[in-house]
Amino acid sequence: MARLSGLQKEVLHLYKDCLRTVRSKPVDTRAHWRGFIREEFGKYRGLPKKQFNTIEHLIRNGHRKLEMFKNPQIKDVH
């Protein structure tokens, strides 16, 4: 298997952090959260690896959204 670049590692780390955050949400809404996360990351799956600026921008936005969603008052995404 090929080695992962720094950006690829960062994206995977963000994805795992998002999935860990789902565990803090109510059990009946966790499926919505997982689907939302998969959908958000899936939107950019075909993005070329060479578009560094775009990927870095998406990672920054992802971290901001993650911090917002970590708020315990937010129970569901739908």
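Reference entry: report on the structure contained in this document. Throughout, residues of each chain are indexed from 1 in the direction in which the sequence is written. Two thresholds apply to this predicted model, a pLDDT of at least 70 for residue-level local features and 80 or more for giving and counting side-chain atom pairs, whereas whole-chain, interface and lining totals are computed over all residues. The side-chain numbers reported here are obtained from all heavy atoms of the structure, hydrogens and water having been left aside.

### Considering helix 3 (residues 52-69)
Right, on to step 1. Under the DSSP-based scheme used, a helix requires at least four consecutive residues in state H or I and a strand at least two consecutive residues in state E, with every element numbered from the N terminus. By definition here, a helix of n residues has an expected span of 1.5 Å times n minus one. Between its first and last C-alpha atoms helix 3 spans 25 Å; for 18 residues at 1.5 Å apiece the expected length is 26 Å, and the two agree.
Right, on to step 2. Burial status follows relative accessibility: with a 1.4 Å probe on protein chains alone, a residue under 20% of its type maximum counts as buried, one over 50% as exposed, and anything between as partly exposed. Buried within helix 3 we find Ile55, Ile59, Gly62, Leu66 and Phe69. Buried residues of helix 3, seen end-on, are gathered within an arc of 95° and therefore sit on one face of the element. Exposed residues on helix 3 whose side chains face more than 90 degrees from its buried face are Asn53, Arg64 and Glu67. Directions drawn from the helix axis to the C-beta atoms are what define this arc.

### Regarding the packing of aromatic side chains
Right, on to step 1. Two aromatic rings from Phe, Tyr or Trp, using only the six-membered ring of Trp, form a pair when their centres are within 6.5 Å; if the ring planes differ by under 30 degrees the pair is stacked, by over 60 it is edge-to-face, and anything between is tilted. This structure, assessed with the given rule, holds three aromatic pairs.
Right, on to step 2. Each ring, one from Tyr15 and one from Phe41, has its centre 4.9 Å from the other, and the planes form 80°; the classification is edge-to-face. With Tyr15 in helix 1 (residues 6-22) and Phe41 in helix 2 (residues 30-42), this residue pair connects regions lying 26 residues apart in the sequence.
Right, on to step 3. Measuring from centroid to centroid gives 5.6 Å for Phe36 and Phe69, while their planes differ by 85°, and the two rings are edge-to-face. Of this pair, Phe36 sits in helix 2 while Phe69 sits in helix 3, and the two are 33 residues apart along the sequence.
Right, on to step 4. In this structure Phe69 comes out as buried when scored by relative accessible area, which is 17%.
Right, on to step 5. Every member of this aromatic cluster is reached through a ring pair, and the members are Trp33, Phe36 and Phe69.

### Some thoughts on the packing of helix 1 against helix 3
Right, on to step 1. Interhelical geometry of helix 1 versus helix 3 gives an angle of 20° and a closest axis separation of 11 Å. Taken together, the axes of helix 1 and helix 3 lie roughly parallel to each other. Handedness of the crossing formed by helix 1 with helix 3: left-handed. Contacts between helix 1 and helix 3 involve Leu7, Glu10, Val11, Leu14, Asp17, Cys18 and Thr21 from the first element and Phe52, Ile55, Glu56, Ile59, Gly62, His63, Leu66 and Phe69 from the second.
Right, on to step 2. Classification used: nonpolar for Ala, Val, Leu, Ile, Met, Phe, Trp, Tyr, Cys and Pro, charged for Asp, Glu, Lys and Arg, polar for all others including Gly. When the residues that make up the contact of helix 1 with helix 3 are grouped by side-chain class, the tally is nine nonpolar, three polar and three charged. Axes here refer to lines fitted to C-alpha atoms; in helices the fit is confined to the stretch in contact. Angles between the N-to-C directions go from 0 to 180 degrees. With respect to orientation, any angle under 35 degrees is reported as roughly parallel, any angle over 145 as roughly antiparallel, any angle of 65 to 115 as roughly perpendicular, and every other angle as oblique. The sense of a crossing depends on the near helix, which, turned anticlockwise from the far helix by less than a right angle, makes the crossing left-handed and, turned clockwise, makes it right-handed. Contact between two residues is taken to exist if any of their heavy atoms lie within 4.5 Å; hydrogens are not considered.

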